[in-house]
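What the coordinates show
Single-letter residue listing:
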Amino acid sequence: MNISAIQNPGRRRFLRAVPVAAAAGFALTDASLLTLHAAAQDGTPAGGPSSQLFTAETLRSDSKALDASPGNNNLVDDKTFTMVLTTEKTKTGKEFEWHEGRDHIFQILEGSTIYEVGGTPKNGRNVKPGEWLAPESEGANTNTLNKGDMLVIRRGTPHKRTTKESVTFTLISPQGTVNA
């Protein structure tokens with residue numbers, strides 16, 4: 001044994017405690033892994049039901065109702081993502097918006113709309129945690145989206161929508177923190 005361990009009782013206690021602490025750490029790690037493994041085997045979803053079917057007939061019916069009364073139908077709304085069916089007519093976003101904690105995936109089902117995306121927001125302000133607005137975004141790109149088109153807008157990207165006539169789209173919005 002090392003002479004310094006004999007002369008220093010604190011070091012002696014430390015050297016005796018290390019194997020016990022390591023064993024306890026391995027036991028806790030094993031227990032955590034077993035819990036995660038059991039949940040994965042069980043198929044228990046992190047939030048909401050493990051699957052949800054939206055038949056073509058249901059979506060057609062929802063779209064018809066929204067065409068008569070434009071607005072949103074929240075198909076899924078939980079902690080990890082939202083999915084919304086939207087119809088709007090002659091609507092212009094007043095300001096650019098961007099979000100720290102969610103992405104947007106738009107797919108146009110009927111009609112068309114214009115998205116201004118990207119650029120550098122000017123005179124932006126925080127309106128609630130993780131949500132921002134700005135009256136303009138210098139250098140934004142303009143995209144006209146038509147039936148069948150899809151647009152992905154990453155979190156933190158300014159965007160604004162203008163619909164001249166009518167558009168129906170689905171919005172899928174994954175949300176939460178991104179692990180770096």
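Residues numbered from 1 in each chain as written. Predicted model: local features only at pLDDT ≥ 70, side-chain atom pairs only at ≥ 80, totals over all residues. Heavy atoms only, no water.

1. Overview of the overall build of the protein
What counts is decided by this rule: Labels follow the DSSP assignment, with helices taken as runs of H or I lasting at least four residues and strands as runs of E lasting at least two, numbered in each case from the N terminus. Relative accessibility thresholds used throughout: buried, under 20% of the residue-type maximum; exposed, over 50%; partly exposed, between the two (1.4 Å probe, protein chains only). Accessibility throughout is a Shrake-Rupley quantity obtained with a 1.4 Å probe, and a residue counts as covered only by protein chains that appear here.
Scanning the protein for helices and strands turns up three helices and eleven strands. Secondary structure of the protein in N-to-C order comes out as α-α-α-β-β-β-β-β-β-β-β-β-β-β. Looking at the protein as a whole, 23% of its 180 residues qualify as buried. For the protein, the exposed surface amounts to about 11,900 Å²; the carbon and sulfur share of it is 55%.

2. Here's the deal with the pairing of strand 2 (residues 81-92)
Just so we agree on the cut-off: When DSSP finds at least two bridges between two strands, those strands are taken to pair.
Across six bridges, strand 1 (residues 71-77) lies against strand 2 in antiparallel orientation. Within strand 2, the residue paired with G71 across the bridge is T87. As consecutive antiparallel partners, strand 1 and strand 2 are separated by three residues. Where strand 2 lies against strand 11 (residues 159-174), eleven bridges are found, and the strand directions are antiparallel. Bridge assignment links T82 to a residue of strand 11, and that residue is S173.

3. What to know about the side chain of T87
Threshold: Residues adjacent in sequence count toward polar contacts only when both atoms are side-chain atoms; beyond that, a polar contact is any pair of N or O atoms within 3.5 Å, and within protein one must be able to donate a hydrogen and the other to accept it.
Structurally, T87 is set in strand 2. At 2.8 Å, the side chain of T87 and the side chain of T168 are in polar contact.

4. Let's talk about the pattern of salt bridges
Counted only if it meets this: Each salt bridge in this description consists of a side-chain nitrogen of Lys or Arg and a carboxyl oxygen of Asp or Glu lying within 4 Å of one another.
One pass over the structure, following the stated rule, counts eight salt bridges. For the salt bridge of E116 with K160, the shortest nitrogen-to-oxygen distance reads 3.9 Å. Of the two residues, E116 is situated in strand 4 (residues 104-117) and K160 in strand 11; the sequence distance between them amounts to 44 residues. Overall, the relative accessible area of 24% leaves E116 in the partly exposed class.

5. Some remarks on the nonpolar core
Stated precisely, the cut-off is as follows: Definition used in this section: a nonpolar core is a set of buried Ala, Val, Leu, Ile, Met, Phe, Trp, Tyr and Cys residues joined via side-chain atoms within 4.5 Å. Contacts between residues were defined by any pair of non-hydrogen atoms, one from each residue, lying within 4.5 Å.
Within the largest apolar cluster, ten residues are counted, these being F106, I108, Y115, V117, L145, L151, I153, V167, F169 and L171. Only strand 4, strand 10 (150-153) and strand 11 provide two or more residues apiece to this core. With four residues, the single largest contributor to this core is strand 4. With residues up to four places along the chain from it excluded, the contact list for I153 reads D103, H104, F106, Y115, V117 and H159.

6. Describing the packing of aromatic side chains
Using the following cut-off: Note on ring pairs: Phe, Tyr and Trp rings are taken, using the six-membered ring of Trp, and paired if centres are within 6.5 Å. Classes follow the plane angle, with under 30 degrees stacked, over 60 edge-to-face and the rest tilted.
The full count for this structure, using the stated rule, is three aromatic pairs. When the centroid spacing of 6.1 Å and the interplanar angle of 10 degrees are considered together, the rings of W98 and W132 count as stacked. A residue pair is termed long-range when its members are at least 10 positions apart, and W98 in strand 3 (residues 96-99) and W132 in strand 7 (residues 131-134) qualify at 34 residues. The class for W98 is buried, based on a relative accessible area of 12%.

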